[in-house]
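These are the residues of each chain, in order.
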Amino acid sequence: MTTSKQYRPPASKSKHSNTPGAAVPRPPAPTAAPTIAQSRGMVAVQIATAEVVGRVLGGKNLDRELSEALSRKTKLSPNERQAIHSISFDLLRHYGLLNAQLDVLLTQPLTDKPVRFLLLVALAQLQFSKVAAHMVVDNAVTACVEMGFARAKGLANALLRNFLRAPEKFERSRFKDAVATFDHPRWWINRLQIEYPGLYQEIMNTAQARPPMHLRVNVRHTNATAYIALLADLGISAHSLGAEAIAIESPVPVSQLPKFSEGWVSVQDLGAQQAAHLLGAEDGMRVLDACAAPGGKSAHILELKNVHLTALDSDKLRLKRVTDNLSRLKLSATVKHADAAVLDTWWDKQPYDRILLDVPCSGSGVTRRHPDIKWIRRETDIKRFAIAQQRLLASIWNCLRVGGRLLYVTCSVFREENQGVIEQFLAEQPTACRLSISVALASGVRHRLVGQSALTDSIADSVLLPDDQHDGFYFALLEKVAANADGIRTAA
């Protein structure tokens, strides 16, 4: 390709490679020319998205950056705001591929990072949106000027048009580099390949897709069958995944869900909905949700049983979401802001019958919903999370009565945060006994033992690998038993 004569950054070679994989979607066919208003709107969308993505790839949280960016862009239309959201997610889901494509297209290194992010945005639009190709290219050229990089106009125009002339040259199957093939960092790919040798490709391919939308019906108000009928009245197709779980066939904004504001339903992944059932709380029990924000699992427990629940979290801002969710659902709990591991700051010394310990983790099981996680995590973070998880588990165990049960949960698929934490805890804690997980699971939920492809409903602990039905989770159910003077486990 030829670059603009006005834009001549220093020369060097870019690296790219080639591997079998899914083909890149072909760019949409051009449509009628946009109006001036439409054109200006898309320029604003491209610039805002490039800014968001740039900050995320610099280590920031995607949800927070989108929220802050959209709060500043008050003149954007609802469609434009949604476009920024969608493009950001698509770009980060496929950043490995898009970055490799851009390196192939560039004949010289691009030192202006804002321009690089803008070109990534345009490449994402050309492949994962329905916007006419010529609109994407023309507006990217204009965006260069508005961003203060007029010298990059020719580069943007030539590069994007070169892509459009032969998009088949940039299909995923042309790249041998696993980062481009699987859209994950190399260390992540290597770890999954070791821990899930027969399944690692499936796990990463799932993360490239847009996630399903699942609802959890509040059984204090209605049931899945009745709520599906309400959805059908509004033309929203859905099907049941169990007594409380519903899958929406084409995701819609919560504002379109009937009775949402009245607390009849919540949005919650099918995998996450298993926690309340696995915990097994009964009426009258004293229950602790030790890392409760944003409150979905706390609310589910309260919907199912009349318990005395304490919802605890160390993040004050996220704790407000717990309060808001409980209020919308018309549920009651004691909500406290504290570090769960520092018992003296919050615990009244009265033991709990059930404890849900949904620990902070890498989030490696939910990258389909949070694609930024893949690119801002570092391999050293996994050890750091595991140490914090051990600290929480060892401390919170003191709050559980003998005969009580604790459900340890992560949204990670990495063994170090899951089996590694539980195995070490069991080796060090004589009053801890691991129970089999044998509840009836919702339709579509598949529990897999690490290293096995066989499916089972009753296992010592459970890894939910992300698939087309749910995100990735880990569950381990522990019971507190008495220990004799020698520290040997005895019956409760």
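Q: Could you give an account of the overall build of the protein, with specific residues and numbers?
A: Secondary structure summary: the protein contains 17 helices and twelve strands in total. Across the 492 residues in the protein, those meeting the buried criterion constitute 55%. Within the protein, residue pairs in contact and separated by at least 24 positions form 72% of the contacts whose partners lie at least 6 positions apart.

Q: Talk me through the packing of aromatic side chains; I want residue IDs and the actual numbers.
A: Each aromatic ring pair is specified by the distance between its two centres and by the angle formed by the two planes. Following the criterion strictly, the structure yields nine aromatic pairs and no others. For the ring pair Tyr95 and Trp375, a centre distance of 5.1 Å and an interplane angle of 75 degrees mean the geometry is edge-to-face. Taken together, the residues Tyr95 in helix H4 (residues 95-105) and Trp375 in helix H15 (residues 372-376) connect sequence positions 280 residues apart. Given the relative accessible area of 11%, Trp375 is considered buried. On the basis of an interplanar angle of 15 degrees and a centroid distance of 6.1 Å, the ring pair of Phe473 and Phe475 is categorised as stacked. Owing to a relative accessible area of 5%, Phe473 belongs among the buried residues under this scheme. The structure contains a cluster of three or more aromatic residues connected by ring pairs, namely Trp187, Trp188 and Phe414. Here Arg286 stacks its cationic end above the ring of Tyr352, 4.3 Å away from the centre of that ring.

Q: Quick rundown of the side chain of Arg328? Include the residues and the values.
A: With respect to the helices and strands, Arg328 occurs in helix H14 (residues 316-329). For the buried Arg328, no salt bridge is present, and the opposite-charge side chain at shortest range is Glu303, 6.6 Å distant. At a separation of 2.9 Å, a polar atom in the side chain of Arg328 contacts the main-chain carbonyl oxygen of Val265. Contacts of Arg328, omitting those with residues within four sequence positions, involve Phe260, Ser261, Glu262, Gly263, Val265 and Ser266.

Q: Quick one: what's the story with the pattern of salt bridges, residue by residue and with numbers?
A: Overall, the coordinates contain 27 salt bridges when judged by the stated rule. For Arg172, the salt bridge is made with Asp183, and the minimal N-O distance between the two is 2.7 Å. With Arg172 in the loop between helix H7 (153-165) and helix H8 (178-182) and Asp183 in the loop between H8 and helix H9 (186-195), this pair connects stretches of sequence that are eleven residues apart. Exposure class is identical for Arg172 and Asp183. Each is buried.

Q: Please set out helix H17 (residues 419-428) residue by residue, giving values where relevant.
A: Taken together, the buried positions of H17 are occupied by Gln419, Val421, Ile422, Phe425 and Leu426. Buried residues of H17, seen end-on, are gathered within an arc of 160 degrees and therefore sit on one face of the element. Of the exposed residues in H17, the ones pointing more than 90 degrees away from its buried face are Ala427 and Glu428.

Q: Describe unusual backbone geometry, and please don't skip the residues or the numbers.
A: Along the chain, Ala293 connects to Pro294 via a cis peptide bond; the corresponding omega equals 5 degrees. Within the secondary structure, Pro294 is located in the loop between strand S5 (286-289) and helix H13 (296-304). Here the phi dihedral of Lys330 falls at roughly 60 degrees; this positive angle occurs in a residue that is not glycine. Looking at the secondary structure, you find Lys330 in the loop between H14 and strand S7 (334-337).

Q: Tell me about H7, residues and numbers included.
A: In this model H7 runs 18 Å from its N-terminal to its C-terminal C-alpha over 13 residues, within 8% of the 18 Å that 1.5 Å per residue would give. Along H7, the positions that sit buried rather than exposed are Leu155, Ala156, Ala158, Leu159, Leu160 and Phe163.

Q: Any chance you could break down the sheet that holds strand S4 (residues 265-267) for me, citing the residues and the numbers?
A: Taken together, four strands build an open sheet; the order of strands is S2-S3-S1-S4 and the sheet is antiparallel. Two strands lie at the open edges of the sheet, namely strand S2 (238-240) and S4, each paired on one side alone. Averaged over all neighbouring strand pairs, the angle between strand axes comes to 30 degrees, with direction disregarded. Most of the contacts of helix H11 (residues 224-233) go to strand S3 (residues 245-248), to which it runs at about 25 degrees, and overall it touches strand S1 (213-217), S2, S3 and S4.

Q: Lay out the pairing of S7 with the relevant residues and their values.
A: Two elements, strand S6 (residues 308-313) and S7, share four bridges in a ladder whose sense is parallel. Following the sheet pairing, Thr310 is matched in S7 by Thr334. Regarding topology, H14 serves as the crossover connection from S6 to the parallel S7, and that connection is right-handed.

Q: Quick rundown of the packing of H9 against helix H10 (residues 200-207)? Include the residues and the values.
A: As a packed pair, H9 and H10 sit with axes 8 Å apart at the nearest point and diverge in direction by 135 degrees. Viewed along their axes, H9 and H10 adopt a mutual orientation that is oblique. The residues of H10 that touch H9, namely those facing Ile189, Leu192 and Gln193, are Tyr200, Ile203 and Met204. When the residues that make up the contact of H9 with H10 are grouped by side-chain class, the tally is five nonpolar, one polar and no charged.

Q: Summarise the environment of Ala293; cite the residues concerned and give the values.
A: Structurally, Ala293 is set in the loop between S5 and H13. Exposure remark for Ala293: the relative accessible area of 11% places this residue in the buried category. A sequence separation of 18 residues divides Ala293 from Ala311, and the C-alpha atoms of the two residues are 8.1 Å apart. Apart from residues lying up to four places away in sequence, Ala293 is in contact with Asp313, Arg318, Leu319 and Val322.

Q: So what about the environment of Tyr200? Which residues, and what values?
A: Among the structural elements, Tyr200 can be located in helix H10. Owing to a relative accessible area of 14%, Tyr200 belongs among the buried residues under this scheme. The spacing of Tyr200 and Asn190 is ten residues in sequence and 9.2 Å in space, taken between C-alpha atoms. Discounting chain neighbours no more than four positions away, the residues touching Tyr200 are Leu192 and Gln193.

Q: I'd like a rundown of the nonpolar core, residues and numbers included.
A: Membership of the largest hydrophobic core comes to 134 residues, with the highest contact counts inside it found for Trp346, Leu357, Ile396, Leu406 and Tyr408. A total of eleven residues in this core trace back to one element, the largest contributor, which is helix H5 (residues 113-128). Discounting chain neighbours no more than four positions away, the residues touching Leu406 are Ile355, Leu357, Leu393, Ile396, Trp397, Leu400, Ala476, Leu477 and Leu478. Formed by 15 residues, the second largest nonpolar core is a distinct cluster that contains Met213, Val217, Ala238 and Ile246.

Q: So what's going on with the environment of Asp468? Residues and values would help.
A: On the secondary structure map, Asp468 appears in the loop between strand S11 (461-464) and strand S12 (473-480). Once the C-alpha coordinates of Asp468 and Ala209 are considered, the two residues, 259 residues apart in sequence, prove to be 8.7 Å apart. The residues touching Asp468, leaving out its near neighbours within four places in the chain, are Pro212 and Arg368.

Rules of the game
- Residues numbered from 1 in each chain as written.
- Predicted model: local features only at pLDDT ≥ 70, side-chain atom pairs only at ≥ 80, totals over all residues.
- Heavy atoms only, no water.
- Helix = DSSP H or I, 4+ residues; strand = E, 2+ residues; numbered from the N terminus.
- Buried < 20%, exposed > 50% of the residue type's maximum accessible area, 1.4 Å probe, protein only.
- Contact = heavy atoms within 4.5 Å.
- Phe/Tyr/Trp six-rings, centres within 6.5 Å; stacked < 30°, edge-to-face > 60°.
- Lys NZ or Arg CZ within 6 Å of the ring centre and 35° of its normal.
- Lys, Arg positive; Asp, Glu negative; His and termini not counted.
- Salt bridge = Lys/Arg side-chain N within 4 Å of Asp/Glu carboxyl O.
- Polar contact = N/O pair within 3.5 Å; in protein donor to acceptor, adjacent residues only side chain to side chain.
- Arc of directions from axis to C-beta.
- Expected span 1.5 Å × (residues − 1).
- Pairing = 2+ DSSP bridges.
- Axes fitted to C-alpha atoms, helices over the stretch in contact; angles between N-to-C directions.
- Right-handed = clockwise from strand over helix to strand, strands pointing away.
- Parallel < 35°, antiparallel > 145°, perpendicular 65-115°, else oblique.
- Nonpolar A, V, L, I, M, F, W, Y, C, P; charged D, E, K, R; others polar.
- Core = buried A, V, L, I, M, F, W, Y, C linked by side-chain atoms within 4.5 Å.

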